[in-house]
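# Topology and contacts: notes
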Amino acid sequence: VELVDSGGGLVQPGGSLRLSCVFAGSSFSYYTLGWFRQAPEKEREFVAAIGWSGTIPYYADSVKGRFTISRDNAKNTVFLQMNSLTPEDTAVYSCAADLYPTINSSRTYDYWGQGTQVTVSS
């Protein structure tokens, strides 16, 4: 399994970005997909995850109502739509995949994308 994430960039506060993560491998539809982020000098933190059938989308409290995770099983891709961005959202965002992870625990995901930088600044 290989994950390639993209879509990061520089955006002003209040703006939006859409991250994508392409899954190369078999049985994509069976995997739980997650997004995590890591800001400078901070630990990696959970952002959002979505189950194999698109069920149980789950969000960190800090992004609930602003971010939306979705998946397209036909395209082996997971997305993270980020709206109303604030400077506190600045971080490297990485997608992750596993068959049976603990949803919000990065240690339980076996496969990771390389990360994409999101910077929110005026």
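Here we come to the sheet that holds strand 1 (residues 2-6). Reading across from one edge, 1-3-8-7 is the order of the 4 strands in this open sheet, with antiparallel pairing throughout. Edge positions in the sheet fall to strand 1 and strand 7 (67-72), since each has one partner strand and no second. Across the sheet, the mean angle separating the axes of adjacent strands is 15 degrees when strand polarity is ignored. Both strand 7 and strand 8 (residues 77-82) contribute to a ladder of 6 bridges, which runs antiparallel.

Next up on the list: the nonpolar core. Grouped together as the largest cluster of nonpolar side chains are 35 residues, with contacts concentrated most on Trp35, Val47, Phe67, Ile69, Leu80, Met82 and Tyr93. Excluding residues that lie within four positions of it along the chain, valine 47 makes contacts with Trp35, Phe36, Arg37, Tyr58, Tyr59, Ala60, Val63, Phe67, Leu80 and Tyr93.

This paragraph deals with the pattern of salt bridges. Oppositely charged side chains can pair when the atoms bearing their charge come close. Within the structure shown, the criterion is met by 4 salt bridges. Between aspartate 61 and lysine 64 there is a salt bridge whose closest N-O contact spans 3.1 Å. With relative accessibility at 65%, the residue aspartate 61 sits in the exposed group. Between arginine 66 and aspartate 89 there is a salt bridge; the shortest N-O distance is 2.8 Å. With arginine 66 in the loop between strand 6 (58-59) and strand 7 and aspartate 89 in the loop between strand 8 and strand 9 (91-98), the pair connects residues that are 23 residues apart, well separated along the chain. Comparing arginine 66 with aspartate 89 shows no difference in burial state: the two are buried.

Attention now goes to the packing of aromatic side chains. For the structure on display, the rule yields 8 aromatic pairs. Ring centres of phenylalanine 23 and phenylalanine 28 lie 5.0 Å apart, and the angle between their planes is 65 degrees; on these two criteria the pair is classed as edge-to-face. Comparing phenylalanine 23 with phenylalanine 28 shows no difference in burial state: the two are buried. An angle of 65 degrees between the planes, with centres 6.3 Å apart, marks the rings of tyrosine 31 and tyrosine 111 as edge-to-face. Taken together, the positions of tyrosine 31 in the loop between strand 3 (17-24) and strand 4 (32-38) and tyrosine 111 in strand 10 (residues 111-112) put the pair 80 residues apart, joining distant regions of the chain. Judged by its relative accessible area of 9%, tyrosine 31 falls in the buried class. Among the aromatic residues, ring-to-ring pairing joins Phe36, Phe46, Tyr58, Tyr109 and Trp112 into one connected group. Sitting over the face of the ring of phenylalanine 79, arginine 18 holds its NZ or CZ atom 3.9 Å from the ring centroid. Above the ring of phenylalanine 28, the side-chain terminus of arginine 71 is found at 4.6 Å from the ring centroid.

Rules behind the numbers
- Residues numbered from 1 in each chain as written.
- Predicted model: local features only at pLDDT ≥ 70, side-chain atom pairs only at ≥ 80, totals over all residues.
- Heavy atoms only, no water.
- Pairing = 2+ DSSP bridges.
- Helix = DSSP H or I, 4+ residues; strand = E, 2+ residues; numbered from the N terminus.
- Axes fitted to C-alpha atoms, helices over the stretch in contact; angles between N-to-C directions.
- Core = buried A, V, L, I, M, F, W, Y, C linked by side-chain atoms within 4.5 Å.
- Buried < 20%, exposed > 50% of the residue type's maximum accessible area, 1.4 Å probe, protein only.
- Contact = heavy atoms within 4.5 Å.
- Salt bridge = Lys/Arg side-chain N within 4 Å of Asp/Glu carboxyl O.
- Phe/Tyr/Trp six-rings, centres within 6.5 Å; stacked < 30°, edge-to-face > 60°.
- Lys NZ or Arg CZ within 6 Å of the ring centre and 35° of its normal.

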